[in-house]
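# Chains, contacts and geometry: an overview
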Amino acid sequence: KIIFRKVRMGFSTDYFAVPLDEVPEKLRDKNGVEETALKWRSMEIGEPQVTDAFKKQFPKALQAVTKFVGAIPKSPRAQRDVTNWTRKILVKTGGGKFGLLLDKQKIKVVKEKVPRPDLVLVVEDPGHLVGWTNGDSIVNMIRMGLAGMSNLQDMETIFKLDRLHRSIRRDAEERGK
């Protein structure tokens, strides 16, 4: 079932699909259903399985994410991607945890605990985060069961994070011309 956001901005994120079995029967045949008509429940996501292999991979993943977000200040497109977006994200992996603090067109990686995160992202294998910094999609990781998130209504944050790589790459390509 196609569901529309209450506040639309003329972008592809103004609508999304929900499995029909998750839509109440009385809304299944109704046209123009808005997100406010659904009763949202966030999933309880489990803790990632901690393994020695994941612990060994974690420093490389943390370094890749730190380097990646360090490129945002050099990319006007990436800065626009996170304009007026403030979020505290706790990222849990099978090798360790870290935080991403989005504020003032920047993302800061923090190693300490994130108090009251807006979003918890669980990616069991830290290697998938390295893939994200190289252009893989967190949305696809969630679809394939390689990642999970605590707040389903905050998919827009995931879309913004996924857009960053392309924005940084396009700005770098233009500078290289």
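Residues numbered from 1 in each chain as written. Predicted model: local features only at pLDDT ≥ 70, side-chain atom pairs only at ≥ 80, totals over all residues. Heavy atoms only, no water.

### Details of the layout of surface pockets
Of the voids in this model, the second largest pocket is the one considered here, and its volume is about 470 Å³. Together, 19 residues line the second largest pocket, and Met9, Phe11, Thr13, Glu156 and Lys160 are the ones closest to its centre. Where the lining of the second largest pocket is concerned, the elements lending two or more residues are α3 (76-81) and α6 (155-176). The element contributing the most residues to the lining of the second largest pocket is α6, with four residues. Split by residue class, the lining of the second largest pocket holds six nonpolar, four polar and nine charged. (1 Å grid on protein atoms, 1.4 Å probe; cavity = no way out; pocket = protein on both sides within 12 Å on 5 of 7 lines; lining within 4 Å. Points joined across faces, edges and corners; volume = space filled by probe spheres on them. Helix = DSSP H or I, 4+ residues; strand = E, 2+ residues; numbered from the N terminus. Nonpolar A, V, L, I, M, F, W, Y, C, P; charged D, E, K, R; others polar.)

### Description of the packing of aromatic side chains
A full pass over the atoms with the stated rule returns three aromatic pairs. When the centroid spacing of 6.5 Å and the interplanar angle of 55 degrees are considered together, the rings of Phe4 and Tyr15 count as tilted. Placement of the pair is Phe4 in strand β1 (residues 2-4) and Tyr15 in strand β2 (residues 15-17), with a sequence separation of eleven residues. What makes Tyr15 partly exposed here is its relative accessible area of 45%. On the basis of an interplanar angle of 70 degrees and a centroid distance of 4.8 Å, the ring pair of Phe68 and Trp132 is categorised as edge-to-face. Taken together, the residues Phe68 in helix α2 (residues 52-70) and Trp132 in helix α4 (residues 127-133) connect sequence positions 64 residues apart. The same class applies to Phe68 as to Trp132, namely buried. Seen from the ring of Trp85, Arg87 lies directly overhead, with NZ or CZ sitting 4.2 Å from the centre. Of note, Lys160 hangs over the ring of Trp85, and the distance from its end group to the ring centre comes to 4.6 Å. (Phe/Tyr/Trp six-rings, centres within 6.5 Å; stacked < 30°, edge-to-face > 60°. Buried < 20%, exposed > 50% of the residue type's maximum accessible area, 1.4 Å probe, protein only. Lys NZ or Arg CZ within 6 Å of the ring centre and 35° of its normal.)

### What about the nonpolar core?
Core analysis: the largest hydrophobic core is formed by 35 residues, its most contacted members being Phe98, Leu100 and Ile158. Residue contributions to this core peak at seven residues, all from α2. If we skip the residues at most four places from it in the chain, Ile158 touches Leu119, Leu121, Ile138, Val139, Ile142 and Met149. Ranked by size, the runner-up nonpolar core spans seven residues in total, among them Val23, Leu27, Val33 and Leu38. (Core = buried A, V, L, I, M, F, W, Y, C linked by side-chain atoms within 4.5 Å. Contact = heavy atoms within 4.5 Å.)

### A word on unusual backbone geometry
Not every positive phi belongs to a glycine, and Asn84 is a case in point at roughly 55 degrees. Tracing the sequence through the fold places Asn84 in the loop between α3 and β3 (87-93). Notably, Arg116 is not glycine yet its phi reads approximately 45 degrees, a positive angle. Summarising the element assignment, Arg116 is placed in the loop between β5 (106-110) and β6 (119-123).

### Digging into the environment of Ser75
The exposure class of Ser75 is buried, given its relative accessible area of 2%. Between the C-alpha atoms of Ser75 and Arg116, which are 41 residues apart in sequence, the distance is 29 Å. When sequence neighbours within four positions are dropped, the list of residues in contact with Ser75 reads Ser167, Ile168 and Asp171. Only 3.5 Å separates the side chain of Ser75 from the backbone oxygen of Ser167, close enough to count as a polar contact. (Polar contact = N/O pair within 3.5 Å; in protein donor to acceptor, adjacent residues only side chain to side chain.)

### A few points about empty space enclosed by the protein
Tallied over the entire structure, the rule returns one cavity of 30 Å³ or more. A volume near 50 Å³ is recorded for the largest cavity. Looking at the largest cavity, the residues that line it are Val65, Val91, Phe98, Leu100, Leu121, Leu129, Trp132, Ile138 and Leu161. Secondary structure elements with two or more residues in the lining of the largest cavity: β4 (96-103) and α4. Residues belonging to the lining of the largest cavity are distributed by class as follows: nine nonpolar, no polar and no charged.

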